Amino acid sequence: KMWGHHDGSGRGGEQRTMLLPSGIVLHYLEWGNDQAPPIVMLHDVCDSCHIWDDVAQPLADKYRILAIDFRGHGESSRSPRHEYGVDALVEDLHELVVRLSLNGRDWGGAYTRPWVLCGKGMGGAVAAAYAARHEGRVAGLALWDYDPDFPKERLCFSPYQAGHFRGQEPLAALLAKQMGLKDDAKYLAITFTNRAEYVDPADEKAGCRFRVDPYFFLSDMSPGLAWTQLRAVAPRTHILLVHNQSSLDWSYERAMEVRRALEQPSEHGEARGVRLVVASRGTMLDEDKNIVEDLQKLYGGIAAHIRGFADGIDRAARAKLRAEGVARYEPIAEQEIEAKQAEREAIRQAAREAAGFMAKEDPPAPTFADFDD
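Heads up: these notes are all about the structure in this document. (Residues numbered from 1 in each chain as written. Predicted model: local features only at pLDDT ≥ 70, side-chain atom pairs only at ≥ 80, totals over all residues. Heavy atoms only, no water.)

### Comments concerning the overall build of the protein
Then, number 1: Secondary structure summary: the protein contains 10 helices and 12 strands in total.
Then, number 2: The buried share among the 373 residues of the protein stands at 46%.
Then, number 3: Once local pairs closer than 6 in sequence are excluded, the contacts in the protein between residues at least 24 apart make up 70%.
Then, number 4: Carbon together with sulfur atoms contributes 52% to the accessible area of the protein, which is approximately 19600 Å² in total. (Helix = DSSP H or I, 4+ residues; strand = E, 2+ residues; numbered from the N terminus. Buried < 20%, exposed > 50% of the residue type's maximum accessible area, 1.4 Å probe, protein only. Contact = heavy atoms within 4.5 Å. Areas by Shrake-Rupley, 256 points an atom, 1.4 Å probe, with all protein chains shown as cover.)

Shown next as structure tokens:
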């Protein structure tokens, strides 16, 4: 293995798995507090959940971040029947949402906690499909480099997903060309580790391949369906379009066209709110004073845009609860926070001191079994 985020928890978040009714073992990463407002992140085709590592990290102080590996990708299991349609991917996501109770419900059955769903490329298509089919669950869609008119070889499968490469050099060269990494050895190593694998870890000469089922194909997705789903979602969900300034297949002009199309009234009503933001990769100087692209700045910029988007949705939800009298918010003074922290620390210190008085020969604490007749 080359160095990568997925070795240990670290920046890659806590690794989780979930066995689904379909038999798929869904792998996902989790950051933040499980009581915080959720943000769910979906990766692109022939990619993995680790594409969100540097986006999720800055958001974890306020939000619960969940990044999943689609079936047939990354650490998730593959479908023995090659069931990789939009319906299957949406159902996997819905099982995760229901089991983790991301929405919550009141006594009347209405959802009480709005959340944001993010998708990159193919992940954006699945995100829009989920929001269209499960009305009321998603409060905001953040779509990164997603165009409903993308051709099938960009959106539904990767031309290289079944490729067998002689070694890591040719595969890494392909990744560098696709992502514009050039001489960025750090992110090239990370990307290779998270998206590729050796055919035989004990024999490097066996070659490398992408960590994706070569039979993966999003068979039931088309531009017409993609537009129908997005237009159905726009009147009831906030939409954030994120354009990567260095994108090779989605220009800013095209992103503007998608935004204007979504803002037009449709049979479902007027759009609730469509925003377009630009994330810049930027440049930096390496040790030899050469100009290289700064991928860290790109991910940081996307995280800042998603945070602002999610914050706006969270503020609106809180304001609605306050207006309805369901919740009451009171400011807490710095002195009260410090007093509570001091009280908790005093309890911990007392526990440490009590533990210090215990001798090695002391008997263990009694259990219920000790009192059985």
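### Some thoughts on the layout of surface pockets
Then, number 1: Size it by volume and the largest pocket reaches roughly 750 Å³.
Then, number 2: Every residue lining the largest pocket is counted, 31 residues in all, and those nearest its centre are K120, R154, Q178, M179 and D249.
Then, number 3: Listed by contribution, the elements that provide at least two residues to the lining of the largest pocket are α4 (152–155), α5 (168–179) and α9 (295–323).
Then, number 4: Of the residues forming the lining of the largest pocket, the biggest block, 4 residues, is contributed by α5.
Then, number 5: Partitioning the lining of the largest pocket into residue classes produces 14 nonpolar, 6 polar and 11 charged.
Then, number 6: Roughly 620 Å³ of volume is contained in the second largest pocket.
Then, number 7: Lining of the second largest pocket is provided by 22 residues; of these, Y111, T112, P114, A317 and K320 occupy positions nearest its centre.
Then, number 8: Among the elements that make up the lining of the second largest pocket, the one with the highest residue count is α9 (5 residues).
Then, number 9: Per-class residue counts for the lining of the second largest pocket are 10 nonpolar, 5 polar and 7 charged. (1 Å grid on protein atoms, 1.4 Å probe; cavity = no way out; pocket = protein on both sides within 12 Å on 5 of 7 lines; lining within 4 Å. Points joined across faces, edges and corners; volume = space filled by probe spheres on them. Nonpolar A, V, L, I, M, F, W, Y, C, P; charged D, E, K, R; others polar.)

### Brief notes about the environment of Y160
Then, number 1: Summarising the element assignment, Y160 is placed in the loop between α4 and α5.
Then, number 2: Between the C-alpha atom of Y160 and that of L171, which follows or precedes it by 11 residues, the distance is 9.7 Å.
Then, number 3: Those residues within four positions of Y160 in sequence are excluded, and the remaining contacts are F165, L174, Q178 and F210.

### Here we look at the nonpolar core
Then, number 1: One finds I39, M41 and L117 to be the most contacted residues of the largest nonpolar core, which totals 105 residues.
Then, number 2: Not counting residues up to four positions away in its chain, the partners in contact with L117 are V40, L42, L93, A127, Y130, V138, G140, L141 and A142. (Core = buried A, V, L, I, M, F, W, Y, C linked by side-chain atoms within 4.5 Å.)

### Structural notes on the packing of helix α3 (residues 122–133) against helix α7 (residues 223–233)
Then, number 1: Running from N to C, α3 and α7 cross one another at 55°; their axes reach a closest spacing of 9 Å. On the basis of the axis angle, α3 is oblique to α7. The element α3 and its partner α7 pack so that their crossing is left-handed. On α7, the residues that touch A125, A128, A129, A131, A132 and R133 of α3 are Q229, L230 and V233.
Then, number 2: When grouped by side-chain class, the residues that make up the contact of α3 with α7 number 7 nonpolar, 1 polar and 1 charged. (Axes fitted to C-alpha atoms, helices over the stretch in contact; angles between N-to-C directions. Parallel < 35°, antiparallel > 145°, perpendicular 65-115°, else oblique. Left-handed = near helix turned anticlockwise from the far one by under 90°.)

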